[in-house]
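The lines below spell out each chain.
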Amino acid sequence: MDVEEAKTLLNKSRDKIDVLNEQIIDLIIERTSLAHDIAISKKALNKDLLDTAREDIIHDKIDNLLASRDVDKEKIIEIFEILVEMSKQEQKKYLD
Ligand SMILES: O=C(O)C(=O)C[C@]1(C(=O)O)C=C[C@@H](O)C=C1
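Residues numbered from 1 in each chain as written. Predicted model: local features only at pLDDT ≥ 70, side-chain atom pairs only at ≥ 80, totals over all residues.

Going by what an unreviewed UniProt entry lists, the protein is known as Chorismate mutase domain-containing protein and is assigned to Methanosphaera stadtmanae.

What follows is the structure, given as structure tokens:
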């Protein structure tokens, strides 16, 4: 690869990353904003904010989705742990 090709490829890759970053942010906001509906449902059902059985199911589903994919599974699990934590933080606003 010559220098010009390398520069073009780097710029194209960064442009794609910028688009993906925006999509990821939108998806994180969409997931986190479900916390309101979840929290008011749990309140009506007298359920705890924490649902470890559901978290185990999510974990199993992610394991299955990742089974045949070439990706760092531990890192993906870490990302989902952060997303679940964000949901819990958000739900607290409506449950306290
Ligand atoms: O499904 C629920 O009950 C939720 O509160 C959502 C969620 C999640 O972020 O996926 C968050 C906290 C619970 O412990 C389990 C799952």
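Chemist: I keep staring at the overall build of the protein and nothing clicks. Help me out?
Modeler: Within the protein, the secondary structure is distributed over four helices and zero strands. Viewed in the frame of its principal axes, the protein has a C-alpha envelope of about 65 × 30 × 15 Å. (Helix = DSSP H or I, 4+ residues; strand = E, 2+ residues; numbered from the N terminus.)

Chemist: How should I be thinking about the UniProt feature "domain: Chorismate mutase" (unreviewed entry) in the protein in this particular structure?
Modeler: On the UniProt side, "domain: Chorismate mutase" (unreviewed entry) is annotated at positions that read residues 4-95 here. The span residues 4-95 is 86% helix and 0% strand, and its two end C-alpha atoms sit 56 Å from each other. (UniProt positions renumbered as here; feature names shortened; annotations may be inferred.)

Chemist: How should the site of the ligand be read in this particular structure?
Modeler: Every residue lining the ligand is accounted for by Ile38, Leu50, Asp51, Arg54, Glu55, Ile58, Val84, Ser87 and Lys88. Breaking the shell around the ligand down by element, the ones donating at least two residues are helix H3 (52-66) and helix H4 (73-95). Split into classes, the residues belonging to the shell around the ligand amount to four nonpolar, one polar and four charged. (Near = placed C-beta within 6 Å. Nonpolar A, V, L, I, M, F, W, Y, C, P; charged D, E, K, R; others polar.)

Chemist: In this structure, what is going on with the packing of helix H1 (residues 3-33) against H4? I would like to understand it.
Modeler: The relative placement of two packed helices is expressed as an angle between their axes plus a distance between the axes. At a closest axis distance of 9 Å, the pairing of H1 and H4 adopts a crossing angle of 45°. It follows from the interaxial angle that H1 and H4 lie oblique. For the crossing formed where H1 meets H4, the hand is right-handed. Judged by residue contacts, Ile28, Arg31 and Thr32 of H1 engage Leu83, Met86, Ser87 and Glu90 from H4. Among the residues forming the contact of H1 with H4, the class breakdown is three nonpolar, two polar and two charged. (Axes fitted to C-alpha atoms, helices over the stretch in contact; angles between N-to-C directions. Parallel < 35°, antiparallel > 145°, perpendicular 65-115°, else oblique. Left-handed = near helix turned anticlockwise from the far one by under 90°. Contact = placed C-beta atoms within 7 Å.)

Chemist: What exactly am I supposed to notice about the packing of H3 against H4 here?
Modeler: Between H3 and H4, the shortest axis-to-axis distance is 11 Å and the interhelical angle comes to 145°. Helix-helix and strand crossings are classified by hand; for H3 and H4 the assignment is right-handed. Residues Glu55, Ile58, Ile62 and Leu66 of H3 lie in contact with H4, whose contacting residues are Lys73, Ile76, Ile77, Phe80 and Val84. Of the residues in the contact of H3 with H4, the class split is seven nonpolar, no polar and two charged.

Chemist: What am I meant to see in the UniProt feature "coiled-coil region" (unreviewed entry) in the protein here?
Modeler: Here, the residues flagged by UniProt with the feature "coiled-coil region" (unreviewed entry) are residues 3-30. What you have in residues 3-30 is 100% helix and 0% strand, and the ends, taken at the C-alpha atoms, are 40 Å apart.

Chemist: What should I look at first to understand the confidence of the model for the protein in this one?
Modeler: Atomic detail in the predicted coordinates should be set aside for any region of low pLDDT. Looking at the protein as a whole, its pLDDT mean stands at 97, while 100% of the residues score no less than 70. Across the protein, the secondary-structure element scoring lowest on mean pLDDT is H4, at 96, and the one scoring highest is H1, at 98. Predicted complex, confidence summary: ipTM 0.99, pTM 0.94. (pLDDT = per-residue confidence, 0-100.)

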